[in-house]
Amino acid sequence: MEVDEQERRRKDEEDPFLAFLDYARSVLIPGEEGERGGYDANGNELENTGPGWSWIASRILKTCIAYSSGVTAAILLSDLSQAWSEQHRTGAPKRRPEIINQLKKKHKRTKLPSTVTIDSIYEKNFLSLNSNLEAVVVDTFVLPGTNIYMLTLGDFWSSNTIDLYLHRRYYDLVDPHNGILKKGREVFLTGCYLRTAREGSGCLRLLPTEYLVILLDDDEDDDAMLIAAQFCSDSFSSISLSEDNSGVPYCLYARIDSIESMEVQGVFGNLNRKQITLVDNDGVQIKFLLWGDQIVLANLFSVGSMLALDRPYIASSKESAVETTSEFCLEYGSATQLYLVPFVHNEEQVYIPLTQNRHQGSRLMSALEPSQGFKVSQVTLPCDSQGSIDFSNCPFQSYVVDLHEKMTGITLYGIVTDIFCESTTKVVFALNIEDSTGAIRAKLHFTRSWSLGRLGLGHTVYISGLSCYKTKQNCFELSWYENDAAASFVNLSCLPALLNSSCLQRLSCLSDLSSDASCTYICRVRLDQVDQCHVNTRYSHSLCGHVVNKLPSGAIQCSFCHCDCSDEVLRTFDLKITLADENAKIFAWCTGQTAAELLQISPDEFCELPEEDQYMYPSSLDNESFIVALVNSKRKGYGGQRLNLQTENVSWEISRALRYE
């Protein structure tokens, strides 16, 4: 076990991306990283106050994508520091309203995705319509000389407050005696426009939004009485379309079971829709639909929360094009008001396996020797009502060997060893990913079609938003959904910024390349023996970059996606060429944009050249210098025979290339 762990650590430490990530974490969290969220030498539990491994990795990759020409350590560290301070701003407690300080003591909710703080609105003087605000009502008042109601809002992370023009559909809720929108009430809102301050006068304010959800706490007597009195008399079984047509209002209370994104073909084009499945206390299901601009409301909901609907619009399921056994569904109408009892995740202490304790030095051996008195590190992570534990904020990197069922929010960093289309009807692809501890299969679910660009064997990838489950064959498997808010996929082997960012790479000589390699090498090379290179053009599927085949019927089918892609075909290069440096030479292959970068001409321009010029063209590239990313696409143990056929016996793929002056 000790030898395996040492070998894994050696491989990880050789990866410059992982090395920089650990360095960045040590800068963000002064002190010994291994002790954060675990135990100190005396066995005392330590608070996990720093950013998780996946948060840092994701932020670094986002910056690399934004700066395709390359990044420096200073750029990355500055961006990380600013982003972390914005996300976890403590504000100035003395200036924060006392009502918020009181509520903060019992605040245990998980922060919504895309939540912005009031302090950040003031700093940026900007607010996106898709941003969420988790706010507390600090005050309600009427603008002098008008009948316009205003709410003063604060939040748990800001020292500033901001005023909101209340939408008139909520005016009946601000009655000073009986209104529920009063000081101390928590609300979620989205779809807000920001009225910026005019030069020399005025202040920032939020313009009215229809998309406001009032939070209830069923542990508070007043809220529990409101729920019982107003929302528990009606049930889904009591709804009747005929009664609704007579103007009978309903007040309903149900648990959010699922939230799905859909697209419906309308008269004037496609229309976005959110379909929320609700389950009432009798176990009856019904669909709650949000259309068009309303879909931002779904960002305020979470599975497991209880939703109270006051006067929802009752619609026919047939007219709404909903596949359900019920004859009706609910919609967000002009008189509808929403209340939410947010699902509060339970927390569970998770023991971090020895594979995670990469920087604990001698403590690793101490953990193997219980007599030394040290404990294995553990962290506290949220879990849902089904017992699934969310690892999205885990402070440590997740490895394949540590995966087990009922894990969600997993992030993996590893090598692609196989990939194929498993189902064309549901657009599902099976991806095998391997890291230094093992390999596992992930099922990638796409909404329409493959959308990740070209992906090949041996490529290094970063995937977040994975969930682990056990198959019927008693094996662990991962699932990933493209439309999941936490889902991301980055192919590091094809990332342009990687080639120009010295802090994220380690330059290798061609003589360093190993046939057993499972990594991406970055090398400075020159083109050699160009008179012997093989330049061909072919047609490929623009979405995945793989070759297409013409069927006897005349249809064009992608060899990778197995779909009809007649309208998504482009001409591309199939190039085999010799690369050289001072120590060695290798014969490598590439395609797509990488080949066009090496040849310094587009496939269409190349095909327009006379045949003799096409034959002579490569000779003009002799000794041109490039910095390239190289992966072994034929390492032992790789699957993907269909993909390997395209490259015959050439093992090394040039996954990315940039001209080097």
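Residues numbered from 1 in each chain as written. Predicted model: local features only at pLDDT ≥ 70, side-chain atom pairs only at ≥ 80, totals over all residues. Heavy atoms only, no water.

A. The arrangement of the overall build of the protein in detail. Of the regular secondary structure elements, the protein holds 14 helices and 31 strands. The 661 residues of the protein split such that 52% are buried. Pairs at least 24 residues apart make up 65% of the contacts formed inside the protein by residues separated by at least 6 positions. About 31500 Å² of surface is accessible on the protein, with carbon and sulfur atoms providing 47% of the total. (Helix = DSSP H or I, 4+ residues; strand = E, 2+ residues; numbered from the N terminus. Buried < 20%, exposed > 50% of the residue type's maximum accessible area, 1.4 Å probe, protein only. Contact = heavy atoms within 4.5 Å. Areas by Shrake-Rupley, 256 points an atom, 1.4 Å probe, with all protein chains shown as cover.)

B. Broad picture of the pattern of salt bridges. If you walk through the whole model with that rule in mind, you get 15 salt bridges. For Lys-443, the salt bridge goes to Glu-422, with nearest N and O atoms at 3.0 Å. You can see Lys-443 sitting in strand β20 (residues 438-445) and its partner Glu-422 sitting in strand β18 (residues 407-423), a full 21 residues away along the chain. Owing to a relative accessible area of 14%, Lys-443 belongs among the buried residues under this scheme. Note that Asp-604 is salt-bridged to Arg-571, the shortest N-O span being 2.8 Å. Taken together, the residues span a long stretch of sequence, with Asp-604 in helix α12 (residues 603-608) and Arg-571 in strand β28 (residues 569-580) at a distance of 33 residues. (Salt bridge = Lys/Arg side-chain N within 4 Å of Asp/Glu carboxyl O.)

C. Region of the structure containing the packing of aromatic side chains. Applying the stated rule across the entire model yields 18 aromatic pairs. Pairwise contacts between aromatic rings join Phe-429, Phe-446, Trp-450, Trp-480, Phe-489 and Phe-560 into one cluster. The ring centre of Trp-157 lies 4.4 Å from the NZ or CZ of Lys-111, which sits over that ring. (Phe/Tyr/Trp six-rings, centres within 6.5 Å; stacked < 30°, edge-to-face > 60°. Lys NZ or Arg CZ within 6 Å of the ring centre and 35° of its normal.)

D. Highlighting the environment of Arg-656. Structurally, the position occupied by Arg-656 is in strand β31 (residues 652-659). For the pair Arg-656 and Ala-629, spaced 27 residues apart in the sequence, the C-alpha separation amounts to 5.2 Å. Setting aside its immediate chain neighbours within four residues, Arg-656 contacts Ser-493, Cys-494, Pro-496, Leu-499, Gln-593, Thr-594, Ile-627, Val-628 and Ala-629. A distance of 3.5 Å separates the side chain of Arg-656 from the backbone oxygen of Cys-494, its partner in a polar contact. (Polar contact = N/O pair within 3.5 Å; in protein donor to acceptor, adjacent residues only side chain to side chain.)

E. Region of interest: the confidence of the model for the protein. The share of residues in the protein with pLDDT of 70 or more is 85%, and the mean pLDDT across the chain is 84. Here helix α9 (residues 362-368) stands out as the element of the protein with the lowest mean pLDDT, 34, in contrast to strand β7 (residues 212-215), whose mean of 96 is the highest. Confidence drops under a pLDDT of 50 for residues 32-48, and excluding neighbours within four residues, the segment shows 43 contacts in the predicted structure. Confidence over residues 90-94 falls short of pLDDT 50; this stretch has eight contacts with residues more than four positions distant or in other chains. (pLDDT = per-residue confidence, 0-100.)

F. Quick peek at unusual backbone geometry. Backbone geometry places Asn-125, a non-glycine residue, at a positive phi of 55 degrees. Checked against the element boundaries, Asn-125 lands in the loop between α6 (118-124) and β1 (133-142).

G. Examining the nonpolar core more closely. Within the largest apolar cluster, 64 residues are counted, with the highest numbers of intra-cluster contacts made by Leu-153, Leu-181, Leu-206, Leu-278, Phe-288, Phe-301 and Leu-330. It is strand β8 (residues 251-266) that contributes the most residues to this core, five residues altogether. Apart from the residues lying within four places of it in its own chain, the contact partners of Leu-181 are Val-137, Thr-140, Leu-151, Leu-166, Tyr-170, Leu-173, Val-174, Val-187 and Ile-214. Cys-394, Ile-419, Ile-440 and Tyr-638 belong to the second-largest nonpolar core, a separate cluster that totals 44 residues. (Core = buried A, V, L, I, M, F, W, Y, C linked by side-chain atoms within 4.5 Å.)

H. Looking closely at a nonpolar patch on the surface. A grouping of Leu-129, Tyr-193 and Leu-207 is seen on the molecular surface, where their side chains present a nonpolar patch of about 260 Å² in accessible area. Its location among the elements puts Leu-129 in the loop between α6 and β1. Among the residues examined, Leu-129 registers a relative accessible area of 35% and is labelled partly exposed. (Patch = residues over 30% accessible without salt bridge, like charges linked within 9 Å, V, L, I, M, F, W, Y side chains within 5 Å.)

I. Fine view of helix α7 (residues 221-231). Of the positions making up α7, those classed as buried are Asp-223, Ile-227 and Phe-231. Projected down its long axis, α7 carries its buried residues within an arc of 45 degrees, all on one side. When the buried face of α7 is taken as reference, the exposed residues oriented beyond 90 degrees from it are Asp-221, Asp-222, Met-225 and Ala-229. (Arc of directions from axis to C-beta.)

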